[in-house]
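Secondary and tertiary structure notes
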Amino acid sequence: MELGQIYLIALIIIGITSMVIFISLDWRVSVISLALLYVGVFILVSISWPQQMAAVKLVAGWMSGAILGLAMAGKPGLRQGVNILAGRSYKNPPQPRIISESFFRFSTGVMVILAVVSISFNIQDWVPGIGIYQIIAGLLLIGVGLLQLGFSSQSLNVALGLLTVLAGFEILYAAVEISALVAGLLAGVNLGIALIGAYLINSPDLRASS
Amino acid sequence: MNAPIVWIIIPGLVAIVLFILQDRVKFVNSVGILLALLLGLFAIVLPIGQTITLGMLSFEISDTLVVLGRRFVISQGDTALIALMYFGAAFWFGGVIFAKTTRSFIPLALAISATLIAAFSVVPFLYGPLLFELAVLVSIPLLALPGMGVSKGVLRYLTYQTLGFPFLLFSGWLLTGIEVSPGNSLQILQASVLLALGFAFLLGVFPFHTWIPMLGESAHPYNIAFVYYQLPIAITIYALNLFDQYVWLRSSVTTHSILIIVGITMIFVGGTITAFQRHLGRMMGYALIVDIGFSLIAISSGLVNNESLGLFFGMLLPRGLALGVWSLALVVISSKVVGGNGIPTIVPSSLSFRSIQGIAHRLPVASFCLLIAYFSIAGLPLMAGFSVRHAILDAFQGSNILSQTLIFLGMIGVFIGGMRTIAVMISGTVDSGWQRNETAWEVVFLSLGSVSLLILGLFPKWFIPVMFYVTESFDHFGP
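Residues numbered from 1 in each chain as written. Chains lettered and ligands numbered in written order. Predicted model: local features only at pLDDT ≥ 70, side-chain atom pairs only at ≥ 80, totals over all residues. Heavy atoms only, no water.

Considerations on the overall build of chain A
Secondary structure assignment for chain A yields eight helices and two strands. Counting from the amino terminus, chain A carries its helices and strands in the arrangement α-α-α-α-β-β-α-α-α-α. A total of 210 residues make up chain A; the buried ones form 56% of that total. Of all intrachain contacts in chain A linking residues separated by at least 6 positions in sequence, the fraction that spans at least 24 positions is 68%. (Helix = DSSP H or I, 4+ residues; strand = E, 2+ residues; numbered from the N terminus. Buried < 20%, exposed > 50% of the residue type's maximum accessible area, 1.4 Å probe, protein only. Contact = heavy atoms within 4.5 Å.)

Printed below as a string of structure tokens:
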């Protein structure tokens, strides 16, 4: 398989997983998609970085997903059989509402994809040495992540949105900056956001220490 | 031994140990206050890069620590900034005893201070925003306390701060390119736009200011006041380092104009909205927005005049003291309104005008001290904030009638907000007469803070020249 085809597959993975994170109303699907998304990020970052350094993104991303997944799994409401849909709790999920919300989210996501594809070729002139797959993937993740942030004010969705935006930024930034310290700090920021997301998910149920 | 180990690594490690030992409240408080004071004192007395002899012992504190091929540098010129940060932290740690805040306040606040210092000492400086983001992440547990709901303000704060740092990282890369080819006007434009956006997100510049009042309403008053104080200082110092390093950025007319326009907008928007607020915590947030607006004007004047830059640092002492007194008064009022359970943020509405009607009859000292802090930040004559505000407006050259009108309207808005607060606090009938329900220690601490604000207002020459020393960290400012 040629490298170009691998990068195209990575782009497709990123496109699908970011849309699934945005559209899905089930936190399990979102967290698994996040883990898959970082596979695409790893492939596209490895265009500019050595694979050993690019693997830091993969590991940090998977750990972030694991932290958020564990936090959701440990939430008391879930243990009592309450589903968390788009950050809201329903004892009995209203089916028509789910379909219409998912369709609306999908439509806005498609609009972002179209906008990203249309502007990506212009951006290529601004950042020397960056590949078109990296630009499309980076902007796509930033766009869908911002949509995710705009659509919800629940802790899990905000954490997922921020991680998605950062993943997009990391693909773009990898093309211009190769540094072990930056890789380490960005991994720290990713893990920090996941840890803070986990804290915010569970903090209402924690005992006040004051 | 080197300086970054003393002022970044050691406080960072101590913060981790104190976090683990947070149940031992007195020990954690004592160590935190003592360490912050010592680090501030060391910054003043220890010479960096020179041999120090203590009896038989002789050693030198070098200025550089290498981490993963990059450097953290704290030179002799930075010591005034370090002292400012750690004395500020010690001040906030000192109030913890009366602030009824969480046990993790001192460990987390110490870690935030160390990370912020790391942010403006890393070389190349473009990695600084990543460390700001880490400091923001550490501050979240202070703003969303365990056992309480997560407010939208916390999520917005986290979102805006996280969206801000990528802009600064990218602008850092562009700035490096501009150093190589200074004539590239497109690259200069791109870097300027990215820088402006990055700082707008981080500093809460209009229209990205909404998290400031939202947090003021929902977070613990003392914790948010600490974040209000420490974070903007560190980010502004980082921005000043940028101006200091890049002559084209410092001498650009556009930079000067943007700072003035944004500063005036923040004063006008913050001030006018304050006039219509009905929550004491939100008012504290809007008052900070107005103060940041004035600091931007001071910096814009400082680009051409080093003394005006000193005015920016001159604002910090009155701001810190006023925020401290204001937040402590809010804690006292909120805990008494809720019912003395000691956790003021359980009911954010406890600081709404509806809840505090006639509160001055029950808590006269806390109410009076809150008003002194309020009018100090508002810049009322003879209060601590007045002299510096007056000097900033005096140094604000070339202002037109529109700018002056907007600033005037903003300041009037803040005053109206203060007058409304007084009216609400003393409203209602006094059936049981005036009573004092504050504890003796609360009265002593609040009174000390308020008297200090009055003394700073009456004798500004005692403190403004001291704050001017901090400007020595910036070599290239001025004509």
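Considerations on the overall build of chain B
From N to C terminus, chain B includes 20 helices and five strands. Over its C-alpha atoms chain B spans a radius of gyration of 22 Å, differing by no more than 12% from the 23 Å that the globule rule assigns to 479 residues. With the C-alpha coordinates of chain B rotated into their principal frame, the extents come out at 75 × 60 × 45 Å. Expressed as a percentage of the 479 residues in chain B, the buried residues total 61%. (Rg over C-alpha atoms; globule rule 2.2 N^0.38 Å.)

A word on the packing of aromatic side chains
All names here are of chain B. The tally for this structure, following the rule as stated, stands at 29 aromatic pairs over all chains. When the ring of Trp326 is compared with that of Tyr374, the centres are 5.1 Å apart and the planes differ by 50 degrees; the resulting orientation is tilted. Residue Trp326 is found in helix H14 (residues 306-338), and its partner Tyr374 is found in helix H16 (residues 364-378); the two are separated by 48 residues along the sequence. When its relative accessible area of 0% is taken as the criterion, Trp326 is described as buried. Look at Tyr374 and you get buried, because its relative accessible area is 1%. (Phe/Tyr/Trp six-rings, centres within 6.5 Å; stacked < 30°, edge-to-face > 60°.)

A few points about the interface of chain B and chain A
With 39 residues of chain B in contact, the opposing surface of chain A contributes 38 residues. Taking both partners together, chain B and chain A bury about 3200 Å²; carbon and sulfur atoms supply 77% of that area. In this assembly, chain B and chain A are joined by zero salt bridges. Secondary-structure elements contributing two or more residues to the side of chain B that touches chain A are helix H6 (128-143) and helix H7 (152-180) of chain B. The biggest single contributor to the side of chain B that touches chain A is H7 of chain B, with twelve residues. (Buried area = accessible area lost by both parts, 1.4 Å probe. Salt bridge = Lys/Arg side-chain N within 4 Å of Asp/Glu carboxyl O.)

Considering the nonpolar core
Membership of the largest hydrophobic core comes to 249 residues, with the highest contact counts inside it found for Trp7, Phe313 and Trp326 of chain B. Discounting chain neighbours no more than four positions away, the residues touching Trp7 of chain B are Leu39, Phe42, Ala43, Ile48, Ile74, Ile82, Tyr86, Ala114 and Ile117 of chain B. (Core = buried A, V, L, I, M, F, W, Y, C linked by side-chain atoms within 4.5 Å.)

Some details on the pattern of salt bridges
All names here are of chain B. Counted according to the given criterion, the structure contains seven salt bridges over all chains. Between Arg319 and Asp291 there is a salt bridge, with its nearest N and O atoms 2.6 Å apart. One end of the pair, Arg319, is in helix H14; the other, Asp291, is in helix H13 (residues 280-302), with 28 residues separating them in the sequence. Here Arg319 matches Asp291 in class, with each residue buried.

Describing helix H18 (residues 401-425) of chain B
Here H18 of chain B is 25 residues long and its end C-alpha atoms lie 36 Å apart, about the 36 Å a rise of 1.5 Å per residue gives. Every buried residue belonging to H18 of chain B is among Ser403, Ile407, Gly410, Met411, Gly413, Val414, Phe415, Gly417, Gly418, Thr421, Val424 and Met425 of chain B, and all of these are buried. (Expected span 1.5 Å × (residues − 1).)

Let's talk about the sheet that holds strand E3 (residues 64-67) of chain B
Hydrogen bonds between backbone groups are what pair the strands of a sheet, and the pairing can be parallel or antiparallel. Residue and element names in this part refer to chain B. Read across the sheet, three strands follow the order E3-E4-E5 without closing on themselves; strand pairing throughout is antiparallel. The open sheet terminates on both sides in strands that have one partner only, identified here as E3 and strand E5 (122-123). Bridge count between strand E4 (residues 70-73) and E5: two bridges; the pairing is antiparallel. Residue pairing for E5: Arg71 is matched across the bridge by Val123. (Pairing = 2+ DSSP bridges.)

Regarding unusual backbone geometry
All names here are of chain B. Note that the residue after Phe206, namely Pro207, is joined by a cis bond; omega there is 10 degrees. Along the chain, the position of Pro207 falls in the loop between helix H8 (185-203) and helix H9 (211-218). Backbone geometry places Leu382, a non-glycine residue, at a positive phi of 75 degrees. Within the element layout of this structure, Leu382 appears in the loop between H16 and helix H17 (384-395). By relative accessible area, Leu382 is classed as exposed at 54%.

Points about the confidence of the model for chain A
Residue and element names in this part refer to chain A. Of the residues in chain A, 88% have a pLDDT of 70 or more, and the chain-wide mean is 85. Taken element by element, the predicted model of chain A shows its lowest mean pLDDT in strand E1 (residues 83-85) (48) and its highest in helix H7 (residues 155-174) (93). Counted against residues more than four places away or in other chains, residues 79-87, with its pLDDT under 50, gives 28 contacts. (pLDDT = per-residue confidence, 0-100.)

Topic: the pairing of strand E1 (residues 51-54) of chain B
Residues and elements named next belong to chain B. Pairing geometry for E1 and strand E2 (residues 57-60), over four bridges, is antiparallel. Across the sheet, Ile52 pairs through a bridge with Phe59, a residue of E2. Between the end of E1 and the start of E2, which pair antiparallel, lie two residues, with Gly55 showing a positive phi angle near 65 degrees.

Here we look at the packing of H13 of chain B against H18 of chain B
Residues and elements named next belong to chain B. Running from amino to carboxyl end, H13 crosses H18 at an angle of 155 degrees, the nearest separation of the two axes being 12 Å. The orientation of H13 with respect to H18, classified from their angle, is roughly antiparallel. By crossing handedness, the relation of H13 to H18 is classed as left-handed. The residues of H18 that touch H13, namely those facing Leu280, Met283, Val290, Phe294 and Ile297, are Ile407, Met411, Val414, Gly417, Thr421 and Met425. Broken down by class, the residue content of the contact of H13 with H18 amounts to nine nonpolar, two polar and no charged. (Axes fitted to C-alpha atoms, helices over the stretch in contact; angles between N-to-C directions. Parallel < 35°, antiparallel > 145°, perpendicular 65-115°, else oblique. Left-handed = near helix turned anticlockwise from the far one by under 90°. Nonpolar A, V, L, I, M, F, W, Y, C, P; charged D, E, K, R; others polar.)

Examining the pairing of E4 of chain B
Residues and elements named next belong to chain B. Pairing of E3 with E4, which is carried by four bridges, proceeds in the antiparallel orientation. Across the sheet, residue Leu65 finds its bridge partner in E4, namely Phe72. Between E3 and E4, which pair antiparallel and follow one another directly, the connecting turn spans two residues, one of which, Leu68, has a positive phi of 50 degrees.

As for the confidence of the model for chain B
Chain-level pLDDT for chain B is 85 on average; 95% of the residues reach the 70-or-more range. Our summary of model confidence lists the complex with pTM equal to 0.90 and ipTM equal to 0.89.

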